Amino acid sequence: MTQPITRENLFRTVEQVVRDAKVTDVHTHLYAPIFGDILLWGFDELVTYHYLIAETMRWVDISYDEYWKMTKVEQADLIWKTLFLDNSPYSEACRGVLTTLQRLGLDASSRDVGPYREFFAGKQLEDYVDQVFDVANLECVVMTNDPFDPKERSVWLEKIKKAGEKVDPRFRAALRLDMLLINWDQSWHQLKEWGFDVTPDLNDRTVEEVQRFLREWIELMNPVYMAVSLPYDFELPEKSARAELIEKCIVPVSRETNVPFALMVGVKRQLNPGLRDAGDGVGKMNIASIDYLCSKYPHNKFLVTLLARENQHELAVLARKFRNLMPFGCWWFLNNPSLIEEITKMRLELLGTSVILQHSDARVLDQLIYKWEHSRRIITQVLVEKYQDLMATGWVLTEAEIRRDVDKLMGGNLWSFLEREFN
Ligand code: RAT
Ligand code: ZN
């Protein structure tokens, strides 16, 4: 264990250590089984992932409406035929389906979907969750929890709060605030209906009441962080409800409760609404807004992931300036091998071990398997290169040190970031 690493055993050691690392997946769209059918899983969900819908629509001549009118099985059949039978499925999202099937012990060479469907039909959800966590080797995943979503809300209020039912501890909450921040003209009505004394104008009373709403949900969910996905043209400071809500409500409550604020910035929402979830695009943000937040609120903690490739370098540089900023993951359109490799290398070079390298963004339980398998492979390659460079200086490494580094990079940094105080 503490034997020095040699050039000969470096690759094998790093590969094993990265494979052994129990991941904390800091951002997913998965739900604990208590939430019922909003947790997606199985073959048809895997194949109708919105990343694959976008790829399919480039080939087929049916209208978007016709697609959405089809049953889930019909949609999956169309996608399978278009992307897996009529073309070679090497795009990252297609390959992911095949990696998942293979790691579940299915024959990925069979082009017949029948046995795949049968395999999932015979599964009990609770056992299957165990199997996926085991194959993907995960410690826990962070969900995306929207208190404005009626389905989710009733589980939190009825099952968890009132009936005292427990959430599977492998699923941690994140209080997602898109609805509150982005749609304030609607969300204030909703808050009022729920008994909060708010007005559209963000006066002192409204600010207090929004803060009360946040505290109540923090108490109920015990979230790892509060989060929002913001468009690429978001600016801070800015004369807008979303900016005022951030500075007057979220930032103070985040500090007081020690629940960091996660900003996910860079989306161009609904560039093509016909595609629904698959219709969002990407734009470069002005990093000065993150700079502003981190310097104006040095005692607050910010987790940040940005969608544009063009923002990645400046985010890493900013993290060198502000210890209250923790960059995380290669988000959405960046979650492709070539970009993960480039971004991971650059982050290790600028930030050492002080970054959370990846999250899965899984929307379908089974995707945890491929997203982590693919990422682990790239992280291994990049780390081997970095350790080789280090060994070339005469530096001597041990396996225990490699394990220490990898544990931090694969999610451990989230937990130590939560514990720290920036006084
Ligand atoms: O990656 C995705 O599936 C996107 O549709 C979004 O959910 C994005 O990750 C987000 O969290 O807003
Ligand atoms: Zn997401």
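This one's a predicted model, so the numbers in the text were calculated from it and none came from an experiment.

A.B. asks: Would you mind going over the coordination of the zinc ion (ligand 2) with me for this structure?
C.D. replies: Each angle at a metal carrying four tetrahedral donors should ideally be 109.5 degrees, and each at a metal carrying six octahedral donors should ideally be 90 or 180 degrees. Here the zinc ion (ligand 2) is held by His-27 (NE2), His-29 (NE2) and Asp-361 (OD), and the distances to it run 2.0 to 2.2 Å. Taken in chain order, the donor set of the zinc ion (ligand 2) reads H-x1-H-x331-D. For the pair His-27 and His-29, a shared accessibility class is recorded, and that class is buried.

A.B. asks: So what exactly am I meant to see when it comes to the environment of Trp-68 here?
C.D. replies: Summarising the element assignment, Trp-68 is placed in helix α4 (residues 64-69). Considering only alpha carbons, one finds Trp-68 and Lys-22, 46 residues apart in sequence, at a separation of 38 Å. Trp-68 has contacts with Ile-53, Gln-75, Gly-274, Leu-275 and Arg-276, leaving out every residue within four places of it along the chain.

A.B. asks: Could you clarify how one ought to interpret the nonpolar core in this entry?
C.D. replies: As a rule of thumb, soluble globular proteins bury nonpolar side chains together. Phe-35, Met-226, Ile-246 and Leu-368 are the most contacted members of the largest nonpolar core, which totals 154 residues. Broken down by element, the residue count for this core peaks at 11 residues, all from helix α17 (residues 367-391). Apart from the residues within four sequence positions on either side, Leu-368 is in contact with Asp-25, Thr-28, Leu-30, Val-132, Phe-133, Ala-136, Leu-138, Val-141, Ser-360 and Ala-362.

A.B. asks: Sorry if this is basic, but what is going on with unusual backbone geometry here?
C.D. replies: Among all residues except glycine, the phi angle is most often negative; among peptide bonds, the trans geometry is most common. Going from Leu-236 to Pro-237, the amide bond is cis rather than trans, its omega being -5°. You can see Pro-237 is positioned in the loop between β5 (226-231) and α13 (241-257). One non-glycine residue, Asn-137, lies in the positive phi region at around 55°. Checked against the element boundaries, Asn-137 lands in the loop between α8 (125-136) and β2 (138-142). Although it is not a glycine, Trp-332 sits at a positive phi angle of roughly 60°. Looking at the secondary structure, you find Trp-332 in the loop between β9 (325-327) and α16 (337-351). Taking the relative accessible area as the measure of exposure, Trp-332 reaches 10% and is therefore buried.

A.B. asks: How do you make sense of the environment of Leu-52 when you look at a structure like this?
C.D. replies: Mapped onto the secondary structure, Leu-52 falls in helix α3 (residues 50-57). A C-alpha to C-alpha distance of 8.2 Å links Leu-52 and Leu-83, two positions 31 residues apart in sequence.

A.B. asks: Looking at this model, I keep getting lost on the packing of α17 against helix α18 (residues 399-419). Mind explaining?
C.D. replies: Helix-helix packing is described using two parameters, namely the angle between the two axes and the distance between the axes. In the contact formed by α17 and α18, the axes pass within 12 Å of each other and the chain directions differ by 135°. Relative to α18, α17 is oriented oblique. Note on packing geometry: the crossing formed by α17 with α18 is right-handed. Touching Trp-372, Arg-376, Ile-379, Leu-383 and Tyr-387 of α17 are Ile-402, Asp-405, Val-406, Leu-409 and Met-410, all from α18. A per-class count over the contact of α17 with α18 returns eight nonpolar, no polar and two charged.

A.B. asks: Teacher, can you tell me more about the layout of surface pockets here?
C.D. replies: If you roll a probe as big as a water molecule over the atoms, it shows you where there is empty space left. Empty space within the largest pocket amounts to approximately 770 Å³. At the level of secondary structure, the elements contributing two or more residues to the lining of the largest pocket comprise α3, α10 (178-182) and β5. Partitioned by chemical class, the residues of the lining of the largest pocket number nine nonpolar, eight polar and 11 charged. Lining the second largest pocket are 19 residues, and of these Leu-40, Glu-45, Lys-72, Asp-277 and Arg-363 lie nearest its centre. Of all elements in the fold, only α3, α4 and α5 (72-85) reach the threshold of two or more residues within the lining of the second largest pocket. For the lining of the second largest pocket, the class distribution of residues is eight nonpolar, four polar and seven charged.

Rules of the game
- Residues numbered from 1 in each chain as written.
- Chains lettered and ligands numbered in written order.
- Predicted model: local features only at pLDDT ≥ 70, side-chain atom pairs only at ≥ 80, totals over all residues.
- Heavy atoms only, no water.
- Donors = N, O, S within 2.8 Å, 3.2 Å for Na, K, Ca; no water.
- Buried < 20%, exposed > 50% of the residue type's maximum accessible area, 1.4 Å probe, protein only.
- Helix = DSSP H or I, 4+ residues; strand = E, 2+ residues; numbered from the N terminus.
- Contact = heavy atoms within 4.5 Å.
- Core = buried A, V, L, I, M, F, W, Y, C linked by side-chain atoms within 4.5 Å.
- Axes fitted to C-alpha atoms, helices over the stretch in contact; angles between N-to-C directions.
- Parallel < 35°, antiparallel > 145°, perpendicular 65-115°, else oblique.
- Left-handed = near helix turned anticlockwise from the far one by under 90°.
- Nonpolar A, V, L, I, M, F, W, Y, C, P; charged D, E, K, R; others polar.
- 1 Å grid on protein atoms, 1.4 Å probe; cavity = no way out; pocket = protein on both sides within 12 Å on 5 of 7 lines; lining within 4 Å.
- Points joined across faces, edges and corners; volume = space filled by probe spheres on them.

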